[in-house]
Amino acid sequence: MALPGRPEPANEPRPAPAALDEAGEVREEDRLDAERLAAFLAGTFPGTAGPLRVHQFRRGHSNLTYLVGWGEREMVLRRAPHGANVKTAHDMRREFTILSALRPVYPKAPRPLAFCDDEGIAGARFYLMERVRGVVLRREGAEGLELRPELMGRLSRAFADGLAELHAVDVSKGSLAALGKPEGYAARQVKGWTERYRKARTDDWPEVEAAAAWIARNVPPDAGRAALVHNDYKYDNLVLDPGDPARVRAVLDWEMATLGDPVLDLGSTLAYWVDPDDPPEMRSLAFGPTALPGNLGRARLAGRYAERSGRDPGPLLFPYVFGLFKLAVIVQQIHRRWRDGFTTDPRFAEMGDMVRLLGAQASRALDRGRIDALG
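Within any chain, residue numbers begin from 1 and follow the written order of that chain's sequence. pLDDT decides what is reported in this predicted model: residues at 70 or higher carry local features, side-chain atom pairs at 80 or more are listed and counted, and totals for whole chains, interfaces and linings draw on all residues regardless. Excluding hydrogens and water, the side-chain values take into account all heavy atoms of the structure.

Engineer: Help me out: how do you make sense of the overall build of the protein chain in this one?
Structural biologist: Secondary structure summary: the protein chain contains 11 helices and nine strands in total. Values of the radius of gyration come from C-alpha atoms, whereas the globule rule sets the reference at 2.2 Å times the count of residues to the power 0.38. Scaling as 2.2 N^0.38, a compact globule of 375 residues should have a C-alpha radius of gyration of about 21 Å, and the protein chain matches this with 20 Å. Along the first, second and third principal axes, the C-alpha atoms of the protein chain reach 60 × 50 × 40 Å. Buried residues are those whose accessible area, probed at 1.4 Å on protein chains only, stays under 20% of the maximum for their type, while exposed residues exceed 50% and partly exposed ones sit between those limits. Buried positions account for 54% of the 375 residues belonging to the protein chain. Within the protein chain, contacts between residues at least 6 apart in sequence are counted, and of these 74% link residues at least 24 apart. To be clear on the numbers: accessible area is Shrake-Rupley with a 1.4 Å probe, and residue cover counts the displayed protein chains and nothing else. Accessible area for the protein chain stands at about 16,300 Å²; split by element, carbon and sulfur atoms hold 51% of it. Positive charges come from Lys and Arg, negative ones from Asp and Glu, while His and the chain ends are left out of the count. Where a charge lies is defined by one atom per residue type, namely NZ (Lys), CZ (Arg), CG (Asp) and CD (Glu). Between the mean site of the 53 positive side-chain charges and the mean site of the 52 negative ones, the protein chain shows a separation of 3 Å. A run of H or I in DSSP becomes a helix once it reaches four residues, and a run of E becomes a strand once it reaches two; helices and strands are each numbered from the N terminus. Contact criterion: two residues are considered in contact whenever any of their non-hydrogen atoms come within 4.5 Å of each other.

As structure tokens, then:
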């Protein structure tokens, strides 16, 4: 769909094709019942023959994601993580329903293929979707891709434009209209994420508690800005074109999508966006290569979004601090699953300290009353 603003120049240099995002061996604790999965696939896709091939995308931190090969088909299987106990999170049927409603009006949503409520196959309910082949930009970049300033400039602009495009999806009719209740969205979000933090807390983090108290006191009134919100829009949830990594082919991970205030969605995205002049401890989190030369900074990214969406996001302090707090809760929940023995993934062992770092960033933003120049 067309968005306001000038088109990007077509004559900028293109990098050499980068390596596709590939899956690896399945962790022992995450293995599936191959015999039962093969039987499910045979019944769901008649006429397709094996052999069955199962690998795992091991970089994610939330839902378990597998690459399933069945004959000539390639599919992605997603199921909830072990030990997930948040009632409204990791709902595979809901995510499958969202993709089914979204795909006809938003082609960057992967095509859903099948849903299964038999927990004996994968240890939980799961769904299958098409695999969109492309480059996924992790914190360390992507194999074979030189992240030059001109590429990061084009990509960060495309990133902001993509969020504006997503928020422009018409949600006034059809299945998407029933996806959520935009009225009172900000207040419900603050209440819900605060309750999740209380349930998942393992340590005392005063700055996280202070951020929770501040957002509870400063919930903005409803602004009548209902849109489809992704709630986890970041570099490594985008599939990029290998021939032109500044072109987004697909947007992944729709588990938290709903209808709500798009400015809060922007705030969640800004929470992942680390600037080059952020304190070293914040830069160490590196959710993606956002601090590399050429990237728009947080404030300029928000400005680009406003230009391309035609929306005035207003003061950004509340959505940014809310986004940092929400991200701290997500990290805390992952760390809690490790503490409770539901996963042995060593990445999750040190995530408790990430909660502290996110709380410290929220404190700096509140002390200075701004979202940038926090170093």
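Engineer: Just checking my understanding: could you explain the pattern of salt bridges for this structure?
Structural biologist: Pairing is possible between side chains that carry opposite charge, provided their charged atoms lie close to one another. A side-chain nitrogen of Lys or Arg and a carboxyl oxygen of Asp or Glu constitute a salt bridge if their distance falls within 4 Å. Applying the stated criterion across every chain, the model contains 31 salt bridges. One salt bridge in this structure joins Glu-22 and Arg-131, with 3.4 Å as the shortest N-O distance. Taken together, the residues span a long stretch of sequence, with Glu-22 in the segment before α1 (34-44) and Arg-131 in the loop between β5 (126-130) and α4 (149-167) at a distance of 109 residues. When its relative accessible area of 12% is taken as the criterion, Arg-131 is described as buried.

Engineer: Looking at this structure, I do not really get empty space enclosed by the protein. What am I missing?
Structural biologist: Taking a probe equal in size to a water molecule and rolling it over the atoms shows the remaining empty space. Here the term cavity refers to a set of points on a 1 Å grid, laid over the protein atoms alone, in which a 1.4 Å probe fits but cannot get out; the term pocket refers to an open set having protein on both sides within 12 Å along at least five of seven lines, with lining residues being those that place an atom within 4 Å of a point. Grid points are joined across faces, edges and corners, and a volume is the space filled by probe spheres set on the points. For the coordinates displayed, the defined rule picks out four cavities of 30 Å³ or more. Taken as a whole, the second largest cavity encloses approximately 60 Å³ of empty space. Forming the walls of the second largest cavity are Phe-159, Tyr-233, Lys-234, Tyr-235, Asp-236, Thr-269, Tyr-272, Trp-273, Phe-287, Gly-288 and Thr-290. When grouped by side-chain class, the residues that make up the lining of the second largest cavity number six nonpolar, three polar and two charged. Any residue outside Ala, Val, Leu, Ile, Met, Phe, Trp, Tyr, Cys, Pro, Asp, Glu, Lys and Arg is labelled polar, Gly included; the first ten of those are nonpolar and the last four are charged.

Engineer: I'm lost on the packing of aromatic side chains in this one. Help?
Structural biologist: The geometry of two aromatic rings is summed up by the distance between their centres and the angle between their planes. Aromatic pairs are defined between Phe, Tyr and Trp rings, using the six-membered ring for Trp, whenever the two ring centres lie within 6.5 Å; interplanar angles under 30 degrees are classed as stacked, those over 60 as edge-to-face, and all others as tilted. Inspection of every chain in the model, using the stated rule, returns 12 aromatic pairs. Ring centres of Tyr-106 and Trp-254 lie 5.8 Å apart, and the angle between their planes is 75 degrees; on these two criteria the pair is classed as edge-to-face. With Tyr-106 in the loop between α2 (92-102) and β4 (112-116) and Trp-254 in the loop between β8 (248-251) and β9 (258-260), the pair connects residues that are 148 residues apart, well separated along the chain. This pair shows no difference in class: Tyr-106 is buried, exactly as Trp-254 is. Charge-over-ring placement is defined geometrically: NZ (Lys) or CZ (Arg) within 6 Å of the ring centre, and within 35 degrees of the ring normal. The aromatic ring of Tyr-272 is capped on one face by Lys-234, whose charged end is 5.1 Å from the ring centroid.

Engineer: Please clarify how the environment of Leu-67 should be interpreted in this entry.
Structural biologist: Along the chain, the position of Leu-67 falls in strand β2 (residues 64-70). Sequence separation between Leu-67 and Arg-364 is 297 residues; the distance between their C-alpha atoms is 41 Å. Once you skip the residues sitting within four places of it in the chain, Leu-67 turns out to touch Ala-23, Arg-53, Val-54, His-55, Phe-57, Glu-74, Met-75 and Arg-131.

Engineer: For this particular structure, what's the right way to read the sheet that holds β5?
Structural biologist: Consider a sheet: its strands pair through backbone hydrogen bonds, and that pairing is either parallel or antiparallel. When DSSP locates at least two bridges between a pair of strands, those strands are taken to pair. In space, the five strands of this open sheet follow the order β1-β2-β3-β5-β4, with antiparallel pairing throughout. Edge positions in the sheet fall to β1 (52-57) and β4, since each has one partner strand and no second. Averaged over neighbouring strand pairs, the angle between their axes works out to 25 degrees when direction is ignored. Looking at chain direction, strand β3 (residues 73-79) and β5 are connected through five bridges and run antiparallel. Note that in β5 the partner of Arg-78 across the bridge is Tyr-127. Fitting a line to C-alpha atoms yields each axis, with helices limited to the stretch in contact; the angle taken between N-to-C directions then spans 0 to 180 degrees. The strands touched by α2 within the sheet are β3, β4 and β5, with β4 carrying the most contacts at an inclination of about 155 degrees.

Engineer: Honestly, the nonpolar core in this entry has me stumped. Any pointers?
Structural biologist: Where a protein is soluble and globular, its nonpolar side chains tend to be buried together. Of all hydrophobic cores here, the largest spans 91 residues; its most connected members are Leu-137, Trp-254 and Leu-358. The element best represented in this core is helix α10 (residues 317-339), accounting for 13 residues. In this structure, Leu-137 is in contact with Ala-142, Leu-145, Leu-147, Met-152, Leu-155, Tyr-235, Asp-236, Leu-240 and Pro-289, ignoring residues within four places of it in sequence. Counting residues in hydrophobic clusters, the runner-up holds 19 residues, among them Leu-37, Leu-41, Trp-70 and Cys-116. To define a nonpolar core, start from buried Ala, Val, Leu, Ile, Met, Phe, Trp, Tyr and Cys residues and group those joined through side-chain atoms within 4.5 Å.

Engineer: Just to check I follow, could you spell out the side chain of Glu-95 for this structure?
Structural biologist: You can see Glu-95 is positioned in helix α2. If sequence neighbours within four positions are ignored, Glu-95 has contacts with Asn-63, Arg-78, Tyr-127, Asp-253, Trp-254 and Glu-255.

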